[in-house]
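# A closer look at the structure
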Amino acid sequence: LLVAKGVVPDIDAAFDRYLGNGRPAYVDKFRIAASEAIAMINALTAEGARVQGHDPEALREAARIFKDRIGRDLFLFQKRYDALEGADALIIMTEWNAFREPDFYLIKETLKHPAIFDGRNLYDPKRMKKIGIDYFSIGRPCA
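Bear in mind the structure is a predicted one, so any value in this text is a computation, not a measurement.

### What about the overall build of the protein?
- When helices and strands are tallied, the protein shows five helices and six strands.
- Mapped in sequence order, the helices and strands of the protein form the string β-α-α-β-α-β-β-α-β-α-β.
- Split into buried and exposed, the 143 residues of the protein put 44% on the buried side.
- In the protein, once contacts between residues fewer than 6 apart in sequence are set aside, the share between residues at least 24 apart is 61%.
- Just so you have it, the protein exposes about 8,100 Å², and 52% of that area is on carbon and sulfur atoms.

### Overview of the nonpolar core
- Within the largest apolar cluster, 15 residues are counted, with the highest numbers of intra-cluster contacts made by Leu90, Phe104, Ile107, Ile116, Tyr123 and Met128.
- Among the secondary structure elements, those contributing two or more residues to this core are β4 (89–92), α4 (104–110) and α5 (125–131).
- In this structure, Met40, Leu44, Ala89 and Phe117 belong to the second largest nonpolar core, which totals 13 residues.

### Quick look at the pairing of strand β2 (residues 50–53)
- Relative to strand β3 (residues 74–76), β2 runs parallel, the two being bridged by three bridges. When the sheet's bridge partners are listed, Val51 is paired in β3 with Leu74.
- The handedness of the β2 to β3 crossover, carried by helix α3 (residues 59–65), is right-handed.

### Points about the packing of aromatic side chains
- Scanning the entire structure with this criterion turns up three aromatic pairs.
- On the numbers, 4.9 Å between centres and 85° between planes, the contact of Phe104 with Tyr123 is edge-to-face. Of this pair, Phe104 sits in helix α4 while Tyr123 sits in the loop between β5 (115–118) and α5; the two residues are 19 residues apart in sequence, bridging distant segments of the chain.
- Given the relative accessible area of 5%, Tyr123 is considered buried.
- Note on Phe117 and Phe136: the rings are 4.7 Å apart at their centroids and 15° apart in plane angle, and the pair reads as stacked. Placement of Phe117 in strand β5 and of Phe136 in strand β6 (residues 134–137) is noted, with a sequence separation of 19 residues between them.
- For Phe136, a relative accessible area of 38% corresponds to the partly exposed category.
- An aromatic cluster is built from Phe104, Tyr123 and Tyr135, whose rings are joined through pairwise contacts.
- Residue placement shows Arg50 over the ring face of Phe75; its charged tip is 3.9 Å from the ring centre.

### What about the side chain of Ser137?
- Examined against the element boundaries, Ser137 turns out to sit in strand β6.
- Ser137 gets classed as buried once you look at its relative accessible area, which sits at 5%.
- In terms of polar contacts, Ser137 uses its side chain to reach the side chain of Asn121, at 2.4 Å.

Parameters and conventions
Residues numbered from 1 in each chain as written. Predicted model: local features only at pLDDT ≥ 70, side-chain atom pairs only at ≥ 80, totals over all residues. Heavy atoms only, no water. Helix = DSSP H or I, 4+ residues; strand = E, 2+ residues; numbered from the N terminus. Buried < 20%, exposed > 50% of the residue type's maximum accessible area, 1.4 Å probe, protein only. Contact = heavy atoms within 4.5 Å. Areas by Shrake-Rupley, 256 points an atom, 1.4 Å probe, with all protein chains shown as cover. Core = buried A, V, L, I, M, F, W, Y, C linked by side-chain atoms within 4.5 Å. Pairing = 2+ DSSP bridges. Right-handed = clockwise from strand over helix to strand, strands pointing away. Phe/Tyr/Trp six-rings, centres within 6.5 Å; stacked < 30°, edge-to-face > 60°. Lys NZ or Arg CZ within 6 Å of the ring centre and 35° of its normal. Polar contact = N/O pair within 3.5 Å; in protein donor to acceptor, adjacent residues only side chain to side chain.

What follows is the structure, encoded as structure tokens:
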């Protein structure tokens, strides 16, 4: 779970930079997800975004990897909903069970703009539309 805070001058450039990195050579699903999240964090912060993140399994590892950036352009949170405070959008980069059935109404109310970029296709696009969340399901058509 990543959330971008602050104005990103060119969000398209950040996503192009991330997607342009290609798939890493790892076969282990966890490592792929972790490396994709690292690439996304780097792309967003390179475009001037402040990233707030939460991962129920990998916070310690994220803190180790990004130790020099914590408190500058990256902020990690123990509680998932705390990471949403003041954020512009939510980016899903991992598919832990904890993220499968979140409180969408709390997400909608907490984000400055209720938008989810779902890199794991966890949610039903029609449900997101009904709730009033702008939903971008990466790799599949939206409702």
